[in-house]
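Architecture and fold: a report
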Amino acid sequence: MLINTASIKRINKAFLLTILFCFVAFLRSSAQKTDKFMGEIVNYDEESVPDYTLPDVLKMKNGKFVKNVADWEKKRRAEVLNLFEEHVYGRMPKAFDSIRFEVSKEDQNAMGGRAHLKEIAVIVWNKGNSINIPVVLFTPKGKGPAPLFLLINNRSKRNTDPTRERKSTFWPAETVIDSGYAIAAFNINDVAPDNKENYRNGVLNLLYPEQLETSDGMRAIGAWAWAASRVMDYFKTDKEVDFKRVAIVGHSRGGKTALWAGAQDQRFAMVFSSCSGSTGASLARRQYGETISLINKQFGYWFNDNYKQYSKNVNSLPVDQHMLIASIAPRPVYTTNATLDRWADPRGSYLALLNARPVYDLYKKRSALVPDLPSVNSPIVNSIIGYHYREGIHDLNAYDWEKFIRFANFHYN
Ligand code: GTR
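So, here's what we can say about the structure. Since we're looking at a predicted model, the values are computed, not measured.

**Remarks on the overall build of the chain**
Secondary structure assignment for the chain yields 11 helices and 11 strands. Rg of the C-alpha trace for the chain: 22 Å, near the compact-globule value of 22 Å for 413 residues, within the 12% margin. Its C-alpha atoms put the chain at 75 × 55 × 45 Å along the principal axes. Burial status across the chain gives 56% buried among its 413 residues. Of the contacts made within the chain by residues no fewer than 6 positions apart, 68% connect residues no fewer than 24 positions apart. Total accessible area computed for the chain in this model is approximately 17,900 Å², and 53% of it derives from carbon and sulfur atoms. Averaged over its 55 positive side-chain charges, the chain has a centre that lies 2 Å from the centre of its 43 negative ones.

In C-alpha cells:
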C-alpha cells in the first residue's frame, strides 16, 4: 500500500473526528438525565428524585424511641438486623457441625522476605457435607500480630495471586504489607457461584439447603457474608493476625456483602465498602441509578425472595440502607463513590452515611461528615464515618486503598 502525505492527512482527519465523536458521546451520556435499561427508565436527575421519608432508625417496633446505647444494643439493633434478614439478604445461619483449617501452602519469605504467605483451606462441615473456602493471607514479617484487611474478592483470582507474578491495584498486597498491615482474600465463587444458574451450587445446596425453600432464606450475598465470618473464625487461630483489628473490604457486589457481613458480625473492627450502590450503601428510596426493581431483575439471586415485593413498592420496605450502616456503629465505616459511576448513586450513598449518624451519636462518636456530597477527591478520613467521592470509574483502585490505609491508621494509632 502506498502511503503518501494526502492519505496520512485523511487518516489523521478520520482519527480526530472519531475522537471528537467519542468525546461528545461521552459528554452526552454523562450529562443525560435518563437512560433506559431492561425496559425501565433509569433516573439520573436530582430534580426527579421523589419525595421520600426514611424509616427512623431509632424508632422501635413498639413505637418507642431508642434513647441510649442500652436501648440500641439490647433492642433496636437486633430488630434492624432481623428486618434486613427478613426483607433483603435472608436469614444468616449461625450453626454448623464443625470447622477445620488446613495450611495448604506456605512461604516464609514471600515478597522478597517482607511477608509470610499462607494459603489456607477453611473447611466447614454441616449435615454430612463440607465446603472449602480457600484463603490467601500475607502477614508482614517481624511485626507481631498485625491488623488485617480481608477482601471479599468478586473478581478473578488473578487479582489475589499468591505468587505475586501478577499484581493488581484491586488488591495491592505489597502496599498493604509495607504499611504494616496483613492482607487476605477469599473468592465469592468458591462460596456461591456468582450467576443465577449456579449460585446454589456451593454453601446453599451443600450446607444449608433449607434456606432455599423459604422466601426469607439467604441467597448469594448472604452466603458470601456467611463465608466472611468463617474466614474470621480462622483469623482467631492465627497468631500473626491481630484478631481485634480485622477490617472487611469489598467492592460493588462485594461492597454490599462487606456491609452486611460487618453489620452482623461485630468481630469485624472496621468496614470498607467501595462503590456498592443499590442495596449496598445507597438509599433505595431515592430511585436514582440502579433501583430495587432493576437489581432484582438482573441479580435477583443475590437477595431473598421477599425483596422482590419491593421492586415496585420501595416505600413499603421497612428498612433503607442508612440502617444497615447504622448497625455497624460504633465501629468505623468507610464508603466510596466515583464520578463516572452514577449507576451507584453517589449522593444517595453519602446521604445514607449522614442518616446513620443518630446511632453513632448515641455512642458520642462524632463524624467529620460535611452537610452534602463532598467535592471530588476530598476524602473524609479522620472521622468515625469516612467517605470519598473520587474521579474515575466504578472500581477499587490505588487511590481507594491509600485512603483505607490512612483511615485504619487514624483509628488504630
Ligand atoms: C452492577 C450491578 C451493581 C454492582 C456491580 C458490581 O452491574 O448493577 O449493583 O453490584 O454490578 O458488582 O460490579
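Picking up where we left off.
**A short note on the site of the ligand**
The environment of the ligand is formed by Ser252, Arg253, Lys256, Glu290, Ile295, Gln298, Phe299, Trp302, Trp343 and His394. Interatomic distance of 2.6 Å between a side-chain N/O atom of Glu290 and an oxygen atom of the ligand. Against a free-state accessible area of 320 Å², the protein chains account for coverage of 83% of the ligand. Those elements that provide at least two residues to the shell around the ligand are helix H7 (253-264) and helix H8 (292-299). With three residues, H8 is the largest single contributor of residues to the shell around the ligand.

**Remarks on the nonpolar core**
Core analysis: the largest hydrophobic core is formed by 97 residues, its most contacted members being Phe186, Trp226 and Phe235. When residues in this core are grouped by element, the largest group, 12 residues, is from helix H6 (residues 220-235).

**Some remarks on the packing of aromatic side chains**
Per the counting criterion, the structure on display carries 28 aromatic pairs. Ring centres of Phe84 and Trp260 lie 6.4 Å apart, and the angle between their planes is 50°; this geometry places the pair in the tilted category. Here Trp260 lies in helix H7 and Phe84 lies in helix H2 (residues 69-89), a separation of 176 residues in the sequence. Under the relative-accessibility criterion, Phe84 is labelled buried at 0%. Note on Trp260: relative accessible area 0%, which makes it buried. Chaining the aromatic ring pairs together yields one cluster made of Phe84, Tyr89, Tyr199, Trp224, Trp260, Phe299, Tyr301, Trp302, Phe303 and Tyr307. Lying over the aromatic face of Tyr44, Arg342 brings its terminal NZ or CZ to 4.1 Å of the ring centre. Seen from the ring of Tyr399, Lys403 lies directly overhead, with NZ or CZ sitting 3.6 Å from the centre.

**With respect to the packing of H2 against H7**
With their axes 11 Å apart at the nearest point, H2 and H7 run at an angle of 145° to one another. The element H2 and its partner H7 pack so that their crossing is left-handed. Of the residues in H7, those in contact with Arg77, Leu81, Phe84, Glu85 and Tyr89 of H2 are Trp260, Ala263 and Gln264. Per-class residue counts for the contact of H2 with H7 are five nonpolar, one polar and two charged.

**With respect to the side chain of Thr160**
For Thr160, the position within the fold is in the loop between strand E6 (146-153) and helix H4 (173-178). Excluding residues within four positions of it along the chain, Thr160 makes contact with Val136, Leu151, Asn153, Trp171 and Ala185.

**As for the sheet that holds strand E4 (residues 115-126)**
Spatially, E3-E4-E5-E7-E6-E8-E9-E10-E11 is the arrangement adopted by the nine strands of the open sheet, whose pairing is mixed. With partners counted over all chains shown, the strands left at the sheet margins are strand E3 (98-109) and strand E11 (385-390), one partner each. The average undirected angle you get between the axes of adjacent strands in this sheet is 20°. Here strand E8 (residues 241-251) runs beside strand E9 (residues 270-274); their pairing, made up of five bridges, is parallel. Each residue of the ladder has a partner; that of Ile248, found in E9, is Val271. Strand contacts of H7: E6, E8, E9 and strand E10 (333-338), with the helix running at about 140° to E8, the strand carrying the most contacts. Sheet strands in contact with helix H10 (residues 346-362) are E10 and E11, and its direction is about 170° off that of E11.

**Thoughts on unusual backbone geometry**
Residue Pro330 follows Ala329 across a cis peptide bond; omega there is 5°. By secondary structure assignment, the location of Pro330 is in the loop between helix H9 (321-326) and E10. You will see that Thr279, though not glycine, has its phi angle at about 60°, which is positive. Thr279 gets classed as buried once you look at its relative accessible area, which sits at 2%. Located in the positive-phi region is Gln287, a residue other than glycine, with phi close to 50°. The topology assignment puts Gln287 in the loop between E9 and H8. The exposure class of Gln287 is partly exposed, given its relative accessible area of 33%.

Reading guide: rules and limits
Residues numbered from 1 in each chain as written. Predicted model: local features only at pLDDT ≥ 70, side-chain atom pairs only at ≥ 80, totals over all residues. Heavy atoms only, no water. Helix = DSSP H or I, 4+ residues; strand = E, 2+ residues; numbered from the N terminus. Rg over C-alpha atoms; globule rule 2.2 N^0.38 Å. Buried < 20%, exposed > 50% of the residue type's maximum accessible area, 1.4 Å probe, protein only. Contact = heavy atoms within 4.5 Å. Areas by Shrake-Rupley, 256 points an atom, 1.4 Å probe, with all protein chains shown as cover. Lys, Arg positive; Asp, Glu negative; His and termini not counted. Charge placed at Lys NZ, Arg CZ, Asp CG, Glu CD. Near = heavy atom within 4 Å. Polar contact = N/O pair within 3.5 Å; in protein donor to acceptor, adjacent residues only side chain to side chain. Core = buried A, V, L, I, M, F, W, Y, C linked by side-chain atoms within 4.5 Å. Phe/Tyr/Trp six-rings, centres within 6.5 Å; stacked < 30°, edge-to-face > 60°. Lys NZ or Arg CZ within 6 Å of the ring centre and 35° of its normal. Axes fitted to C-alpha atoms, helices over the stretch in contact; angles between N-to-C directions. Left-handed = near helix turned anticlockwise from the far one by under 90°. Nonpolar A, V, L, I, M, F, W, Y, C, P; charged D, E, K, R; others polar. Pairing = 2+ DSSP bridges.

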